[in-house]
Amino acid sequence: MTPTKLYPRTALAVLTSLNLLNYIDRSVLFAVQPLVQTEFHLTNTQVGYLTSAFLGFYMIAAPFTGPLADRYSRKKIIVLGAIFWSALTLLTAVTHTYWELLVRHTLVGVGEATFVTIAPTFVADLFPEDRRGRIFGIFYLAIPVGTASGYLLGGKLGPAHGWRFPFYLAAAPGFLLALVMWFVPEPERGQFDSLKETPERGTILGLARNPAFWTVTLGMAAGTFSLGGIQVWMPTFLSRARGYTLESANLMFGAIVVVDGILASLAGGWLGDLLLPRMKGSYYFVSAISMGLGVPVMIVALFVRGPMMLPAIAVAAFLLLLNTSPLNTALVNAVGAHIRATAIAVNIFIFHLLGDVPSPTLMGYVADRRSLQTAFILPVIAMAISSAILFYGMRFAPRVDTSANARLPEHQAG
């Protein structure tokens with residue numbers, strides 16, 4: 001294998017591994033949530049607020065890191081952020097009150113925001129535009145695999161060794177990967193971009209007039225509301241409302257998420273790339289269809305008891321996760337390379353503000369006053385809204401050049 005091919009693949013492997021740890025660190029808490037709730041005598045609303053606060057600080061930190069990454073070394077910011085969030089995850093050992101855990105969890109969100117804002121721009125500059133759907137499919141495998149790994153790690157070790165123990169194992173690899181990332185060369189910004197930097201695509205003020213950016217962002221917000229609430233409350237729902245033990249609920253849901261996530265992330269990116277030469281809005285289309293089809297399946301998964309429940313949960317999870325790589329590819333393509341980190345930061349701020357920041361707390365609020373099953377009506381409605389927004393957004397997608405010449409870096413093309 002030539003060094004030209006080895007470099008982008010090696011860089012992708014390191015960044016994907018860091019992304020995996022990112023999601024393991026945040027999802028371990030979901031698996032040990034009932035143990036934390038019992039130790040600190042918390043209400044459902046207080047437990048939901050742990051995740052809402054984490055995402056709130058994560059969301060607020062993103063607009064500060066994005067502009068920095070558009071001006072300075074993306075690699076250095078990624079490395080420092082990974083060390084920061086790994087150190088805070090390790091400090092779980094000294095959290096012995098709800099408020100200490102809340103502060104720790106919110107600061108982890110600040111550290112992780114640096115990576116999630118910047119890493120996609122790094123990945124986008126490693127590969128041509130017509131392969132980005134598949135490449136982001138690999139990079140975003142970290143979401144389901146990391147989330148599921150957190151469920152499995154916490155679900156297996158939490159009941160046996162205490163809820164703090166899984167956090168130690170989740171923190172350690174972050175320091176090693178940060179060191180490896182330090183030696184990865186940074187690619188030239190926008191070297192594969194074929195789309196011209198118009199005012200809408202290439203300036204901060206232009207974002208306000210960029211419908212391709214706004215429709216993908218609002219579609220992601222509604223989808224994230226659904227996914228965020230479901231991933232926080234599903235193990236608890238299976239344990240309390242469906243009679244499973246906490247360990248079996250975590251193992252079962254974790255297995256569903258990891259298998260579905262791998263298949264869905266790869267399939268979504270591949271489908272978006274496949275349709276791109278014939279449909280400029282292919283990434284929006286794939287995501288809109290998956291969200292729309294997911295609504296009736298999710299209703300069966302959450303409100304029908306018996307043998308249909310688990311298969312319905314598996315299908316619904318697949319459809320929810322199918323949109324991850326297409327939507328992130330659509331976001332990257334909606335803006336120019338030199339404001340891409342800032343645009344992703346704005347996107348993160350908005351879709352978390354409207355999505356998974358309020359959803360766990362709102363679901364906990366409804367669960368405290370009605371039932372946890374009733375609370376799941378909220379993510380079902382959000383899926384339908386997401387589908388409608390993304391169907392509308394298809395018309396605004398930029399037309400990407402998929403010719404062979406467009407696959408060359410800008411300085412080699414023509």
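Residues numbered from 1 in each chain as written. Predicted model: local features only at pLDDT ≥ 70, side-chain atom pairs only at ≥ 80, totals over all residues. Heavy atoms only, no water.

Caption draft 1: Layout of the overall build of the chain. Within the chain, the regular secondary structure consists of 17 helices and zero strands. For the chain, whose C-alpha radius of gyration is 20 Å, the value lies close to the compact-globule estimate of 22 Å for 414 residues. Its C-alpha atoms give the chain principal-axis dimensions of roughly 65 × 45 × 40 Å. Expressed as a percentage of the 414 residues in the chain, the buried residues total 60%. (Helix = DSSP H or I, 4+ residues; strand = E, 2+ residues; numbered from the N terminus. Rg over C-alpha atoms; globule rule 2.2 N^0.38 Å. Buried < 20%, exposed > 50% of the residue type's maximum accessible area, 1.4 Å probe, protein only.)

Caption draft 2: View of helix α2 (residues 44–71). In this model, α2 (28 residues) spans 42 Å end to end at C-alpha, consistent with the 40 Å of a helix rising 1.5 Å per residue. In α2, a bend of some 30° at A62 exceeds every other bend along the element, and P63, a proline, comes one to four places later. (Expected span 1.5 Å × (residues − 1). Bend = angle between axes of the 7 residues up to and from the residue.)

Caption draft 3: Just a nonpolar patch on the surface, in detail. On the surface, a cluster of nonpolar side chains totalling about 550 Å² of accessible area is made up of L176, L179, V180, W182 and F183. Its location among the elements puts F183 in the loop between α7 (165–182) and α8 (199–202). Assessed through its relative accessible area of 64%, F183 is described here as exposed. (Patch = residues over 30% accessible without salt bridge, like charges linked within 9 Å, V, L, I, M, F, W, Y side chains within 5 Å. Areas by Shrake-Rupley, 256 points an atom, 1.4 Å probe, with all protein chains shown as cover. Salt bridge = Lys/Arg side-chain N within 4 Å of Asp/Glu carboxyl O.)

Caption draft 4: Expanded view of the packing of helix α9 (residues 211–240) against helix α14 (residues 340–354). Their axes nearest at 8 Å, the elements α9 and α14 cross at an angle of 40°. Taken as axis vectors, α9 and α14 run oblique relative to one another. As α9 runs across α14, the sense of the crossing is right-handed. Side by side, α9 and α14 meet where F213, W214, T217, L218, M220, A221, T224 and F225 of the first sit next to A343, V346, N347, I350, F351, H352 and L354 of the second. (Axes fitted to C-alpha atoms, helices over the stretch in contact; angles between N-to-C directions. Parallel < 35°, antiparallel > 145°, perpendicular 65-115°, else oblique. Left-handed = near helix turned anticlockwise from the far one by under 90°. Contact = heavy atoms within 4.5 Å.)

Caption draft 5: Seen up close, the side chain of D125. In this structure, D125 sits in the loop between α4 (98–124) and α5 (132–139). Beyond its immediate stretch of four places on either side in the chain, D125 contacts R74, P187, E188, R189, G190, Q191, F192 and R340.

Caption draft 6: Here's a closer look at unusual backbone geometry. Even without being a glycine, H41 presents a positive backbone phi close to 55°. With respect to the helices and strands, the residue H41 is situated in the loop between α1 (3–40) and α2.

Caption draft 7: Expanded view of α5. The element α5 is extensively covered by neighbouring structure, given that six of its eight residues are classed as buried. Those residues of α5 lying buried are R132, G133, I135, F136, G137 and F139.

Caption draft 8: View of the environment of T203. By secondary structure assignment, the location of T203 is in the loop between α8 and α9. The class for T203 is partly exposed, based on a relative accessible area of 33%. With residues up to four places along the chain from it excluded, the contact list for T203 reads T198 and I339. At a separation of 3.0 Å, a polar atom in the side chain of T203 contacts the main-chain amide nitrogen of G206. (Polar contact = N/O pair within 3.5 Å; in protein donor to acceptor, adjacent residues only side chain to side chain.)

Caption draft 9: Broad picture of the packing of aromatic side chains. Per the counting criterion, the structure on display carries 14 aromatic pairs. Centroid distance F165 to Y168: 6.2 Å. Interplanar angle 80°. Geometry classified as edge-to-face. Of this pair, F165 and Y168 both sit in helix α7, three residues apart, roughly one helical turn. For F165, a relative accessible area of 30% gives the class partly exposed. (Phe/Tyr/Trp six-rings, centres within 6.5 Å; stacked < 30°, edge-to-face > 60°.)

Caption draft 10: Representation of the packing of helix α11 (residues 282–303) against helix α13 (residues 324–333) within the structure. Two elements in contact, α11 and α13, have axes whose closest approach is 8 Å; the angle formed by their N-to-C orientations is 150°. On the basis of the axis angle, α11 is roughly antiparallel to α13. As for how α11 packs across α13, the hand of that crossing is left-handed. Contacts from Y283, Y284, V286 and S287 in α11 reach P326, L327, T329, A330 and N333 in α13. Among the residues making up the contact of α11 with α13, the classes are represented as six nonpolar, three polar and no charged. (Nonpolar A, V, L, I, M, F, W, Y, C, P; charged D, E, K, R; others polar.)

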